[in-house]
Amino acid sequence: MRTTAEQKMIVLDVAEERVAPLVAGLEALDLRVAPSPFRRGTMACTGIEFCKLAIVETKARGASLADELERRLPDFDEPLTINVNGCPNACARIQVADIGLKGQLVLDDRGEQVEGFQVHLGGALGLEAGFGRKVRGLKVTSEELPDYVERVLRRYQKERAEGERFAQWVARASEEDLS
């Protein structure tokens with residue numbers, strides 16, 4: 001077994017006749033062999049549970065966001081990275097994610113401080129590498145996060161050009177489209 005820099009596991013050297021039982025066993029443990037783009041592309045730092053620098057919860061937030069997006073956008077099939085970080089230190093590499101979420105305390109509708117995120121959009125690694133774009137003044141509470149991400153992804157699906165990746169769309173999108 002190997003782990004990857006994207007917090008994934010790879011099982012090596014499995015005989016063909018043992019693949020199906022292995023897949024069934026992993027699925028029974030909620031370790032998905034064929035995950036959705038949301039589950040495959042979500043990464044989080046250790047967050048407030050294990051890090052003294054973290055301001056917000058990350059691991060459970062990332063998992064619940066993936067669950068919610070799978071429910072709301074079941075036909076979404078584009079590769080997408082969502083990186084969730086609990087503080088400004090960027091252990092989850094938010095700057096190079098399609099959707100990077102930097103944890104911080106934000107004000108909710110009642111003016112109270114709650115867990116939330118500064119949003120970075122359109123980061124990428126590889127041949128077209130670049131840091132994500134911060135939308136001016138955009139901060140999202142943890143509670144509003146699924147609604148926000150769904151809204152942006154639906155706009156992307158509606159407005160993208162043929163073959164256009166999320167990061168490419170973000171680079172040309174207006175601030176209104178990204179809010």
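Residues numbered from 1 in each chain as written. Predicted model: local features only at pLDDT ≥ 70, side-chain atom pairs only at ≥ 80, totals over all residues. Heavy atoms only, no water.

Novice: What is the right way to read the pattern of salt bridges from this model?
Specialist: Pairing is possible between side chains of opposite charge, provided their charged atoms come close. Following the criterion strictly, the structure yields 16 salt bridges and no others. Between Arg32 and Asp30 there is a salt bridge; the shortest N-O distance is 3.1 Å. Residue Glu68 is joined to Arg72 by a salt bridge in which the shortest nitrogen-to-oxygen separation is 2.8 Å. Of this pair, Glu68 and Arg72 both sit in helix 4 (residues 59–72), four residues apart, which is roughly one turn of that helix. Through salt bridges with shared partners, one network takes in Glu68, Arg71, Arg72, Asp147, Glu150 and Arg154. (Salt bridge = Lys/Arg side-chain N within 4 Å of Asp/Glu carboxyl O. Helix = DSSP H or I, 4+ residues; strand = E, 2+ residues; numbered from the N terminus.)

Novice: Sorry, what's going on with the packing of aromatic side chains here?
Specialist: Each pair of aromatic rings is reported with the distance of its centres and the angle of its planes. Taken as a whole and assessed by the stated rule, the structure comprises five aromatic pairs. Through pairs of rings, three or more aromatic residues link up here, namely Phe38, Phe76, Tyr156, Phe166 and Trp169. (Phe/Tyr/Trp six-rings, centres within 6.5 Å; stacked < 30°, edge-to-face > 60°.)

Novice: What is the right way to read the sheet that holds strand 3 (residues 42–44) from this model?
Specialist: Within a sheet, each strand pairs with its neighbour through backbone hydrogen bonds, oriented either parallel or antiparallel. Across the sheet, which stays open at both edges, the five strands sit in the order 3-4-5-6-7 with mixed pairing between neighbours. Taken across any chain shown, the strands that pair with only one partner, and hence form the sheet edges, are strand 3 and strand 7 (133–141). Ignoring strand direction, the axes of neighbouring strands in this sheet form an average angle of 25°. Looking at chain direction, strand 6 (residues 113–121) and strand 7 are connected through five bridges and run antiparallel. (Pairing = 2+ DSSP bridges. Axes fitted to C-alpha atoms, helices over the stretch in contact; angles between N-to-C directions.)

Novice: Looking at this structure, how should I read the confidence of the model for the chain?
Specialist: Where the model shows low pLDDT, its predicted coordinates should not be examined in detail. Averaged over all residues, the pLDDT of the chain is 92; the fraction at 70 or higher stands at 100%. For the chain, strand 2 (residues 9–10) is the element with the lowest average pLDDT, namely 86, and helix 5 (residues 145–159) is the one with the highest, namely 97. (pLDDT = per-residue confidence, 0-100.)

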